Amino acid sequence: MLASLNTARNKGADAAIKSNIDNARAQAELFYDGNSQSYTNVCTAAGGISAMVGGVTAAGGAATCASTATTWYLWSTLKAPSPAQWFCTDTTGTST
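Residues numbered from 1 in each chain as written. Predicted model: local features only at pLDDT ≥ 70, side-chain atom pairs only at ≥ 80, totals over all residues. Heavy atoms only, no water.

(A) Fine view of the nonpolar core. Counting residues in hydrophobic clusters, the biggest one holds 17 residues, and the most contacted among them are Val42, Ile49, Trp72 and Leu74. Elements represented by at least two residues in this core include exactly helix 1 (2–34), helix 2 (50–58) and strand 2 (72–77). Broken down by element, the residue count for this core peaks at five residues, all from helix 1. Not counting residues within four places of it along the chain, the set of residues in contact with Trp72 comprises Ala24, Arg25, Ala28, Glu29, Tyr39, Val42, Ile49, Ala66, Ser67, Thr89, Asp90 and Thr91. (Core = buried A, V, L, I, M, F, W, Y, C linked by side-chain atoms within 4.5 Å. Buried < 20%, exposed > 50% of the residue type's maximum accessible area, 1.4 Å probe, protein only. Helix = DSSP H or I, 4+ residues; strand = E, 2+ residues; numbered from the N terminus. Contact = heavy atoms within 4.5 Å.)

Below, the structure written as structure tokens:
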């Protein structure tokens, strides 16, 4: 029974991680439009995606976010058991 509960918790955490990463795409584009067509500091600036990065971390993921003026990415490991899995999105809007 405990193994089943842990599996359900991990799946819930993974859903939260994926949701935060997916939401980061739209927020990053809003930031880009309001920041003179630049992604610079999108990971940390007010109005950027720092809340989503924090949400990934709060859900138990290991978020990694980086940006330049023209690109950005956000990825995290998931809590699912082995093999280690991850989820990411970037400037292109692709999530995997």
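(B) Main features of the pairing of strand 2. Where burial is concerned, the two faces of strand 2 differ: the one with Trp72, Leu74 and Ser76 is buried and the one with Tyr73, Trp75 and Thr77 is not. Summarising the sheet, strand 1 (residues 64–67) and strand 2 pair through four bridges and their orientation is antiparallel. Paired with Ser67 across the bridge in strand 2 is Trp72. Hairpin connection from strand 1 to strand 2: four residues lie between these consecutive antiparallel strands. In the sheet, strand 2 pairs with strand 3 (residues 86–90) via five bridges, with the strands oriented antiparallel. Across the sheet, the residue bridging to Thr77 is Trp86, located in strand 3. (Pairing = 2+ DSSP bridges.)

(C) Up close: unusual backbone geometry. The backbone of Ser36 shows a phi angle near 55°, a positive value even though the residue is not glycine. Assignment of secondary structure puts Ser36 in the loop between helix 1 and helix 2. The phi dihedral of Gln37 is positive, around 60°, even though this residue is not glycine. Positionally, Gln37 belongs in the loop between helix 1 and helix 2.

(D) Representation of the sheet that holds strand 1 in the model. Taken in spatial order, the three strands of this open sheet run 1-2-3, and their pairing is antiparallel. With partners counted over all chains shown, the strands left at the sheet margins are strand 1 and strand 3, one partner each. For this sheet, the mean angle separating the axes of adjacent strands, direction not counted, is 10°. (Axes fitted to C-alpha atoms, helices over the stretch in contact; angles between N-to-C directions.)

(E) The arrangement of the pattern of salt bridges in detail. For the structure on display, the rule yields one salt bridge. A salt bridge links Asp22 to Arg25, with the shortest nitrogen-to-oxygen separation between them at 3.5 Å. Taken together, the residues Asp22 and Arg25, both in helix 1 and three residues apart, mark about one turn of the helix. Residue Arg25 is classed as partly exposed on the basis of its relative accessible area, which comes to 27%. (Salt bridge = Lys/Arg side-chain N within 4 Å of Asp/Glu carboxyl O.)

(F) Up close: the state of the cysteines. Scanning the entire structure with this criterion turns up one disulfide. Shown here is the disulfide that connects Cys43 with Cys65, its sulfur atoms set 1.9 Å apart. Here Cys43 and Cys65 share a disulfide; its torsion about the S-S bond, -75°, makes the bridge left-handed. Here Cys65 lies in strand 1 and Cys43 lies in the loop between helix 1 and helix 2, a separation of 22 residues in the sequence. (Disulfide = S-S within 2.5 Å.)

Function cannot be inferred from these measures alone, as they are strictly geometric.
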